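An overview of the molecular structure
One letter stands for each residue in the lines below.
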Amino acid sequence: MFWFLLFLAVVAIWTLVLALLAKRLWGKTKALTRELVAAQSKLDAAQSTAGSGQTRQDEHAPA
């Protein structure tokens, strides 16, 4: 009976450790996703402002 309770205690501790690691990884993943979305929106905004002053090459080509 003692060994079974010790086994359950070890399993509970490992489950707790894995849950804490998963929670930390989830938080880092969410933060990284937010940073990537912000960087993508900044890149899109920069490309749209840079592209607004440019003209397309085929607009001035003879027909």
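Everything below is about the structure printed above this text.
In this report, the structure presented in the accompanying data block is examined. Given the structure is predicted, the values throughout are model-derived calculations rather than measurements.

Before going further, it helps to spend a moment on the overall build of the protein. Helices and strands together make up the secondary structure of the protein, namely one helix and zero strands. A total of 63 residues make up the protein; the buried ones form 0% of that total. With the model as given, the accessible surface of the protein reaches about 6,200 Å², and the carbon-plus-sulfur share is 70%.

So, about the packing of aromatic side chains. According to the stated counting rule, one finds one aromatic pair in the structure shown. With a centroid separation of 5.4 Å and 70° between ring planes, the pair formed by Phe2 and Trp3 is classed as edge-to-face. Of the two residues, Phe2 and Trp3, neither departs from the other in class, the shared state being exposed.

We now examine a nonpolar patch on the surface. Where nonpolar side chains cluster on the molecular surface, the patch consists of Phe2, Trp3, Leu6, Val10, Ile13, Trp14, Val17, Leu18 and Leu21 and spans about 990 Å² of accessible area. In this fold, Phe2 is placed in helix H1 (residues 2–52). Exposure remark for Phe2: the relative accessible area of 57% places this residue in the exposed category.

Criteria and cut-off values
Residues numbered from 1 in each chain as written. Predicted model: local features only at pLDDT ≥ 70, side-chain atom pairs only at ≥ 80, totals over all residues. Heavy atoms only, no water. Helix = DSSP H or I, 4+ residues; strand = E, 2+ residues; numbered from the N terminus. Buried < 20%, exposed > 50% of the residue type's maximum accessible area, 1.4 Å probe, protein only. Areas by Shrake-Rupley, 256 points an atom, 1.4 Å probe, with all protein chains shown as cover. Phe/Tyr/Trp six-rings, centres within 6.5 Å; stacked < 30°, edge-to-face > 60°. Patch = residues over 30% accessible without salt bridge, like charges linked within 9 Å, V, L, I, M, F, W, Y side chains within 5 Å. Salt bridge = Lys/Arg side-chain N within 4 Å of Asp/Glu carboxyl O.

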